[in-house]
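Architecture at a glance
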Amino acid sequence: MSDAPEATPVPAKTSEPHPLDALTGGAFSAATSGERSARIREWLATQPATDKLQEVFKELSARDKGAARAVRERLDEIRRAQGQAAIAAEWQAKAEALLAAAQLNIADALAWQRDAAKAGAPLSREPLSQLKAQLSERVKTIEDLQHRVQVQREAAVLLAQRIEVLSTKPWQDAQNALEALTADVGRWQEQAQALTGDAAWSSVEARFPTQLESSRSQLLVVWEAFQSALALTAAAAQDASAPLPPVPVWADELRQARGLPAEAAATAPRAPARPKVDPEVRDKAMQAVREALGKLEQETAQGHGKASAGAATALRAVLKVHGRFIDAELERKVHAALVAAGELEGWQRWSADQLREDLVARAEALLARPDGQALGGRKMQESLRQLREQWKQADQGAPANHGLWKKFDDACNAAHKVVEAWLEKVRAEGAEHRAQRMALIEELNQWAQAQAGAAAADWKAANRALHQFGERWRSGGHVSEKIYAELQPLWKQAVATASAPLEAAQKASLQLRQAMIAEAEALGAAATLRIDAVKALQQRWQAEAQTVPLDRRQEQKLWDAFRKPIDEAFNRKTAERERGAAQMSARDRAVLDASKALEAANATGDAQQIRAAMAALELALKEQAGQGAAAASQQNQAEGQADQVQAATKTEAKTEAGESAEAPARPAPAARPVVAVRGDDRPGMRKSEPAPQGRGGRGGPERRDTRDGRGPRDGAGRGREREGMAARGPRLGDAAFRAQREAMEHAQSALRKLAAQAHGEALTQLMTAWKSRDAGQLPSAQELGGKVSASVRTAWSQALSQAAGATADQALLRLEIAAEVPTPADQLAARRALQLQMLTRRNDPAPADTWAQDAAQVLAGASDDASARRLQAALKVLLRK
């Protein structure tokens, strides 16, 4: 063992608890930041004092800023609350001072609310919210008083007008209306007194008390003068010696009642004579007054309230200087213009308030719509913009109304919340659309790189893909103009890069197509049209068009340019063919004329004329065929002579070539006698005559030679073929062939219709003859058709000549069975029973064989509507079979 002394272990150092650990619940001694934050939040829930918060924040912020954030936020909240409390106390004192004042200025009240909001005062909390409501109520009361003053002023004007109107009517009418007028004037004075006695009267603008007092004095003057004049008039009406009233209408009325002449003009007081004035001075004065008067009248006529007030002030200033120099007429015009200007000012203020109230109602109605659905964001924004513009226009022509403006602004701000939500949504959608468009640009760039690395390009698929990218870009959603200006250059650059290979291929294809157009022009201008070359060129064009796509309009223009020379060449060829056909139309004229005659006969509806015209057309066809056969015979003779010459030429050539041969030429074989000839064993033909040759005039050997590919040994086969075509006649021209075919079809259709019509008429006559029991009305056998022989018609005539017997129900049933037509529902059982009986009688003739006798039995019986309908339905079928 070692002799070294053992080491004494050092005891572990124990950490002392933090002084604030007990206050914060162990926040400083917590092991992790999350635990410290949780304990700090628990401690803050106890609402500690501000000094403790500051002390804890100072110590904790040095150790853990995340845990100290909650303490800092609480301190900031306390500071804000203290600041708002101080601001609220300041603005509370100002509001209380405004409310305590005897005279409240509306502008000061509105400025208090505006300035308090700017300063950050808590207007939505007590006591400022209550003070705000009190000020708004005071402002509303004052504005209501001002509005009532305007109404009273208008009412005073109307009362004065009523009094003036009564002074132009008979004095009895004025006396009758005196009581009602007295009540109205008294009521007006009571209302004016109530306005001046209101507690808020001292707060109205200074101009309103003056206006009310002026209206009262003017009304009272007019009213007192009216009362005195009416009393004087009543006294003069009772006493002839009493003086006449100053009202001209009433005075004239009293003079007429007294039998005196009218002396209104004679007794009218004359205006005092004005002193003489220098004419030059008078002219200058009148010119100045007229200019000021014209300006005032112009502004008043245009309805400019502020401008008219300024013009009226200017006119009054001119009158102070030149008023004594103007005449009475001009002075009267001046006073009328001043009165009109004053009325206009008051009226414009009232009308402006009416317009403002309407705007307030419209602003409040933006959210409270009758259908319960608010306007959309864009429409709400446009509506608010229009309302605010209209409010500005209303403020330009009249003094402002702060109370109505506050209501209007509050309603607009409430409605603007919808606009804010919409704008937020639009911004979110714009960000989303921007991301989508950026992703689309990146996708287009990747597609372009993939196309550049591909071995063979499918240009049609590439063009289709580019169109799809364009459609996706156009439907990518709305973005702002700023974002669009940012993205559009990127998109154009990506599109240009992606479409560069396609554009190069299109340019090369365009050059190739131009070359093919030039080649088509050369083919079309050639003397002989080469169909094979045209087809090959068209195939090359189609292959190129299917490989490289171009713009639709450009491709159509190129195709039109390519097709034009070829179409012109074919048109020339068609014109030449038509000219040849026109030269041959002389032979077809007879067929055309016969076809037109047949069409005319078809229009008449006469069967005999139609049949005659058909025979004439067939005759024209035969004559044309005969003429063609004669022409073909002459041609065959000429061709036969040419064949003989050609054969002789060949024989001479063979003779010359065989002069060096030792053997002489063999003589021509003698004709073999005919031992047997195959007769014509078809029905109706004589067997002694040989059978006609095969199709085209060729016999058996010629057909065999043709089938094995060698053909006939000489021109005999071709001659017989021409003879067969000649027998058939030359082909008709297109117009003649179509005309005769259509005429024949129309004629056959017309004959069928006429036959059906005649058949229906014959059945109708038969039913009439049966009903009237008159054999003379029975149609003839020809009219009834080929199914009715003369003996059958005779039997039917005899049946009709006899007296009517019992109804032949079984015969009717047999007729319906023979015609296979339906039987009435009530006779179905009898028809089934009859059919069962017929099955047991195998040797009896069938109803289809005895229908003529059954019809005679039915005609021998009595006629009624039901039996007639059944008989007619059955005979309609049987007569056609």
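Residues numbered from 1 in each chain as written. Predicted model: local features only at pLDDT ≥ 70, side-chain atom pairs only at ≥ 80, totals over all residues. Heavy atoms only, no water.

**Some thoughts on the overall build of the protein**
The helix and strand tally for the protein stands at 30 helices and zero strands. When burial is assessed residue by residue, the protein has 31% of its 881 residues classed as buried. Considering only contacts within the protein whose residues lie at least 6 apart along the sequence, 69% involve residues at least 24 apart. Carbon and sulfur atoms make up 53% of the accessible area of the protein, which amounts to about 56,300 Å² in all. (Helix = DSSP H or I, 4+ residues; strand = E, 2+ residues; numbered from the N terminus. Buried < 20%, exposed > 50% of the residue type's maximum accessible area, 1.4 Å probe, protein only. Contact = heavy atoms within 4.5 Å. Areas by Shrake-Rupley, 256 points an atom, 1.4 Å probe, with all protein chains shown as cover.)

**What about the nonpolar core?**
The biggest cluster of nonpolar side chains holds 46 residues, and the ones touching the most others in it are Trp112, Leu128, Phe226 and Trp250. Going through the elements one at a time, helix H4 (65–100), helix H5 (106–119), helix H6 (128–166), helix H7 (171–176), helix H8 (178–196), helix H9 (207–238) and helix H10 (248–258) are the ones with two or more residues in this core. If you tally residues by element for this core, the top one is H6, at eleven residues. If near-sequence neighbours (up to four positions away) are discounted, Trp112 is found in contact with Trp91, Lys94, Ala95, Leu98, Leu123, Leu128, Lys132 and Leu135. Counting 33 residues, the second-largest nonpolar core is a separate cluster that includes Ala769, Trp770, Ala808 and Leu815. (Core = buried A, V, L, I, M, F, W, Y, C linked by side-chain atoms within 4.5 Å.)

**Here's the deal with the confidence of the model for the protein**
Overall, the prediction assigns the protein a mean pLDDT of 77, with 79% of residues at 70 or greater. Residue range residues 1–14 is modelled with pLDDT below 50. Its contacts to residues more than four positions away, or to other chains, number zero contacts. Taken as a whole, residues 645–668 scores under 50 in pLDDT and shows zero contacts with residues more than four places along the chain or in a different chain. (pLDDT = per-residue confidence, 0-100.)

**As for the pattern of salt bridges**
In total, this model carries 22 salt bridges according to the counting rule given. For the salt bridge of Arg870 with Glu816, the shortest nitrogen-to-oxygen distance reads 2.7 Å. Highlighted residues: Arg870 in helix H30 (residues 865–878) and Glu816 in helix H27 (residues 809–819), separated in sequence by 54 residues. Of the two residues, Arg870 and Glu816, both sit in the buried class. Taken together, the shared-partner salt bridges connect Arg162, Asp184 and Arg187 into one network. (Salt bridge = Lys/Arg side-chain N within 4 Å of Asp/Glu carboxyl O.)

**Description of unusual backbone geometry**
In the Ramachandran plot, Arg773 falls in the positive-phi region, its phi being about 55 degrees despite a non-glycine side chain. Note that Arg773 resides in the loop between helix H24 (734–772) and helix H25 (781–784). Residue classification places Arg773 among the partly exposed residues on the basis of a relative accessible area of 22%. Of note in the backbone geometry, Glu820 takes a positive phi value of approximately 60 degrees without being a glycine.

**Some remarks on helix H12 (residues 279–302)**
With 24 residues, H12 should cover 34 Å at 1.5 Å per step; its first-to-last C-alpha distance of 34 Å lies within 8% of that length. Those residues of H12 not exposed but buried are Ala285, Met286, Val289, Ala292, Leu293, Leu296, Glu299 and Thr300. (Expected span 1.5 Å × (residues − 1).)

**Overview of the packing of helix H3 (residues 50–63) against H4**
Between H3 and H4, whose axes approach to 8 Å, the crossing angle comes to 150 degrees. Considering their axes alone, H3 and H4 lie roughly antiparallel with respect to each other. By crossing handedness, the relation of H3 to H4 is classed as left-handed. Here H3 contributes Thr50, Leu53, Gln54, Phe57, Leu60, Ser61 and Arg63 to the contact with H4, which in turn contributes Lys65, Ala67, Ala68, Val71, Arg72, Arg74, Leu75 and Ile78. (Axes fitted to C-alpha atoms, helices over the stretch in contact; angles between N-to-C directions. Parallel < 35°, antiparallel > 145°, perpendicular 65-115°, else oblique. Left-handed = near helix turned anticlockwise from the far one by under 90°.)

**A few points about the environment of Ala505**
Within the secondary structure, Ala505 is located in helix H18 (residues 481–525). Separated by 46 residues in the primary sequence, Ala505 and Trp459 have C-alpha atoms spaced 8.1 Å apart. Excluding residues within four positions of it along the chain, Ala505 makes contact with Trp459 and Val548.

**Some thoughts on the side chain of Glu143**
Looking at where Glu143 falls in the secondary structure, it is placed in helix H6. Within the buried set, Glu143 has no salt-bridge partner at all; the shortest N-O distance to an opposite charge, 7.5 Å, is to Lys407. For Glu143, the residues in contact, after removing those within four places along its chain, are Ile106, Asn401, His402, Gly403 and Leu404. (Lys, Arg positive; Asp, Glu negative; His and termini not counted.)

**A look at H30**
Structurally, the α-helix is built with 3.6 residues per turn, so residues lying three or four positions apart point the same way. The first and last C-alpha atoms of H30 sit 20 Å apart over 14 residues, in line with the 20 Å expected at 1.5 Å per residue. Capping the start of H30, Asp864 holds a side-chain oxygen 3.1 Å from the backbone nitrogen of Ala866, two or three residues further along. (Polar contact = N/O pair within 3.5 Å; in protein donor to acceptor, adjacent residues only side chain to side chain.)

**A closer look at the packing of aromatic side chains**
Enumeration over the complete set of coordinates arrives at twelve aromatic pairs. Judged by centre distance (6.1 Å) and plane angle (50 degrees), the rings of Trp541 and Trp559 are tilted. A residue pair is termed long-range when its members are at least 10 positions apart, and Trp541 in helix H19 (residues 531–547) and Trp559 in helix H20 (residues 552–604) qualify at 18 residues. When its relative accessible area of 3% is taken as the criterion, Trp541 is described as buried. For Lys94, the ring lying beneath its charged end belongs to Trp91, and the centroid distance is 3.9 Å. Sitting above the plane of the Trp541 ring, Arg513 keeps its charged end 5.6 Å from the centroid. (Phe/Tyr/Trp six-rings, centres within 6.5 Å; stacked < 30°, edge-to-face > 60°. Lys NZ or Arg CZ within 6 Å of the ring centre and 35° of its normal.)

**Re the environment of Ala431**
Locating Ala431 in the fold gives a position in helix H16 (residues 402–453). Of the residues examined, Ala431 reaches a relative accessible area of 46% and is grouped as partly exposed. The spatial distance from the C-alpha of Ala431 to the C-alpha of Ile483 is 9.2 Å, given a sequence separation of 52 residues.

**Regarding the side chain of Glu816**
Among the residues examined, Glu816 registers a relative accessible area of 1% and is labelled buried. Look past the residues within four positions of Glu816 in its chain and what remains in contact with it is Val821, Pro822, Thr823, Pro824, Arg831, Arg870 and Ala874.

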